[in-house]
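One-letter residues, chain by chain:
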Amino acid sequence: MKPTSLDKSKIRFLLLEGVHQSAVNALHQAGYTNIEYLKTSLPEDELVEKIRDVHFIGIRSRTQLTARVFDAASRLQAVGCFCIGTNQVDLTAALIKGVPVFNAPYSNTRSVAELVIGQIILLLRGIPEKNAQAHRGVWQKVATGSFETRGKKLGVVGYGNIGSQLSVLAESMGMKVYLYDIITKLPLGNAVQVGSLKELMQTCDIISLHVPETAQTANMIGAEQISWMKNGSILINASRGTVIDIDALAAALESGQLAGAAIDVFPVEPRSNDEEFISPLRQYDNCILTPHIGGSTMEAQENIGLEVAEKLTRYSDNGSTQTSVNFPEVALPSHPDMHRLLHIHENVPGVLSQINQVFSAAGINIRSQYLQTNDKIGYVVMDIDKEHSEIAMDKLTGVPGTIRCRVLW
Ligand SMILES: NC(=O)C1=CN([C@@H]2O[C@H](COP(=O)(O)OP(=O)(O)OC[C@H]3O[C@@H](n4cnc5c(N)ncnc54)[C@H](O)[C@@H]3O)[C@@H](O)[C@H]2O)C=CC1
Ligand SMILES: O=C(O)CCC(=O)C(=O)O
């Protein structure tokens, strides 16, 4: 293994899925010019080829970074998810290859919450059907089946950043908010946490899903759970497509048990805007279908671009892994006049003592040392005098259990 300290112009970034231009600008400002920018995601086979020479990759929710991709990514230093969800990345495969993954945990929170508020109002008034009919020349001036939001019960499944933001906005319009989460939450305002998903679904007029994609949330809402919902209620999903059984939802729209739905995410989504969107929900006018744009506002995308680009350049320039979603977190100060060695290793007994042995045997003083571990890997950072870094790197890369090693100056 060779030390990987590189001239910035040689550090290659691959940005996929049309991440906001703010990311490109921020990378340029930080001195990184070797950037390939694509509007689409790439299928696995193409990615496996392309990623061989890439040091940093930026993706959104479409690109699947699998273990096979990480196996091919011998130069990859870090992944930036220009979004909240990181379920599209095999985080364990990244970890054991020594690759930290970063995301933007809050930058599009408000955008999703605002979209859901809009969907609630439109669905309670039957606007999607009335709009579709008006486009076909049908005039439906009726109040039947149209309701105000005031006093309605909103059930939030997953009361994290988005769910709680939605809760605040909904209360300000006079809605009563109930929440279900697997952990005990501080309910904001007058929101009430209930003890089970069933209780929430039986109580509320509108259910909105804001859970991450996990093994536990896969098909969390199927025919049985929908059968718990009140007749004439509304289901909204802007979380992940795997959370709802789409056929069960289609059946509930067909039978009229649900008055409407709004779905932004799907089990299978087109890879680009040129591909047709296929779904059994297309036939229901009372189901608002949006192309996974919950977080797609100019404000959110610009902020995400800046935030994630900054995390990638900080890791590249300084080694800090703070806020990484899969990696031991180390917050590092600057290292003026010293060389910084970054060593990522398997977390097995004895590696750290061997690392320290390298320095004591060579008579090299470690000016500062930072260490963080998790159950799989250790990340140790050492600042040393410049003149010793070449020999230290040479010896460090030979320590058994070494995954990656690089030097910064
Ligand atoms: N449609 C879109 O464009 C966007 C979609 N998202 C999706 O929204 C999800 C939620 O985002 P945040 O609120 O920022 O995440 P968060 O991590 O702040 O909140 C998630 C909440 O879900 C809860 N939770 C996890 N498993 C659960 C389960 N089985 N049952 C009940 N609650 C459970 C957690 O305890 C947590 O409180 C993201 O993971 C992402 O998949 C996020 C941004 C944009
Ligand atoms: O905007 C995107 O590409 C993905 C948004 C999303 O789902 C997320 O932030 O998790």
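Refer to the structure above for everything that follows.
Report on the accompanying structure. Please read these numbers as outputs of a predicted model, since none were measured by experiment.

Let's shift gears to the overall build of the protein. Counting secondary structure elements, the protein contains 13 helices and 16 strands. Considered along the principal axes of its C-alpha atoms, the protein spans approximately 85 × 45 × 30 Å. For the protein, the residues scored as buried account for 42% of the 409 residues in total. Contacts in the protein between residues far apart in sequence, at least 24 positions, make up 66% of those at least 6 positions apart.

Turning our attention to the nonpolar core. Grouped together as the largest cluster of nonpolar side chains are 58 residues, with contacts concentrated most on I57, V79, C81, F82, V308 and L341. Those residues within four positions of V308 in sequence are excluded, and the remaining contacts are A23, G58, G80, F82, F102, N103 and A104. Counting 48 residues, the second-largest nonpolar core is a separate cluster that includes L123, I206, A261 and A262.

In space, the 5 strands of this open sheet follow the order 2-1-3-4-5, with parallel pairing throughout. The open sheet is flanked by strand 2 (35–37) and strand 5 (101–102), the only strands paired with a single partner. Sitting on the sheet, helix 11 (residues 298–318) is in contact with strand 3 (56–59), strand 4 (78–81) and strand 5, with an inclination near 170° to strand 4.

This paragraph deals with the site of ligand 2. The immediate surroundings of ligand 2 are formed by R60, S61, C83, I84, G85, N108, G295 and S296. Here the shell around ligand 2 is composed, by residue class, of 2 nonpolar, 5 polar and 1 charged.

Sheet architecture is open: 7 strands sit in the order 8-7-6-9-10-11-12, paired in parallel fashion. Edge strands, defined here as strands with exactly one partner in the open sheet, are strand 8 (192–193) and strand 12 (287–289). Note: strand 7 (residues 176–180) against strand 8, 2 bridges, orientation parallel. For L179, the partnering residue across the bridge sits in strand 8 and is Q193. Against the sheet, helix 10 (residues 246–255) contacts strand 10 (233–237), strand 11 (258–263) and strand 12, and its axis sits at roughly 145° relative to strand 11.

This next bit is on the pairing of strand 7. Across the 5 residues that make up strand 7, a large majority, 4, are buried. Read as a crossover between parallel neighbours, the route from strand 6 (residues 153–157) over helix 7 (residues 161–172) to strand 7 is right-handed.

Okay, the environment of A23 next. Within the secondary structure, A23 is located in helix 1 (residues 21–29). Contacts of A23, omitting those with residues within four sequence positions, involve L15, G58, F82, G305, V308 and A309.

This part covers the site of ligand 1. In the region of ligand 1, 31 residues are neighbours, and G85, G158, G160, P212 and G294 sit closest. At 3 residues, helix 7 tops the list of elements feeding residues into the shell around ligand 1. Here the shell around ligand 1 is composed, by residue class, of 12 nonpolar, 15 polar and 4 charged.

Taking 1.5 Å of rise per residue, the 12 residues of helix 12 (residues 351–362) would be expected to cover 16 Å, and the 17 Å separating its terminal C-alpha atoms lies within 8% of that figure. Listed in full, the buried residues belonging to helix 12 are V351, I355 and V358. Looking straight down helix 12, one finds its buried side chains confined to an arc of 50°; they lie on one side. Turned more than 90 degrees away from the buried face of helix 12, the exposed residues are S353, S360 and A361. In this structure, the buried side of helix 12 is in contact with strand 13 (338–346), strand 15 (377–385) and helix 13 (389–396). With its phi angle positive at about 65°, G363 sits one or two positions after the end of helix 12.

In the contact formed by helix 5 (residues 109–124) and helix 7, the axes pass within 9 Å of each other and the chain directions differ by 50°. Comparing their axes, helix 7 and helix 5 come out oblique. As helix 5 packs across helix 7, the resulting crossing turns out to be right-handed. Residue-level inspection shows T109, R110, V112, A113, V116 and I117 of helix 5 in contact with helix 7, the latter providing N161, I162, Q165, L166, L169 and A170. A per-class count over the contact of helix 5 with helix 7 returns 8 nonpolar, 3 polar and 1 charged.

Rules used throughout
- Residues numbered from 1 in each chain as written.
- Chains lettered and ligands numbered in written order.
- Predicted model: local features only at pLDDT ≥ 70, side-chain atom pairs only at ≥ 80, totals over all residues.
- Helix = DSSP H or I, 4+ residues; strand = E, 2+ residues; numbered from the N terminus.
- Buried ≥ 20, exposed ≤ 12 C-beta atoms within 10 Å, placed from the backbone.
- Contact = placed C-beta atoms within 7 Å.
- Core = buried A, V, L, I, M, F, W, Y, C linked by C-beta atoms within 7 Å.
- Pairing = 2+ DSSP bridges.
- Axes fitted to C-alpha atoms, helices over the stretch in contact; angles between N-to-C directions.
- Near = placed C-beta within 6 Å.
- Nonpolar A, V, L, I, M, F, W, Y, C, P; charged D, E, K, R; others polar.
- Right-handed = clockwise from strand over helix to strand, strands pointing away.
- Expected span 1.5 Å × (residues − 1).
- Arc of directions from axis to C-beta.
- Parallel < 35°, antiparallel > 145°, perpendicular 65-115°, else oblique.
- Left-handed = near helix turned anticlockwise from the far one by under 90°.

Worth remembering: the numbers are spatial, not functional.
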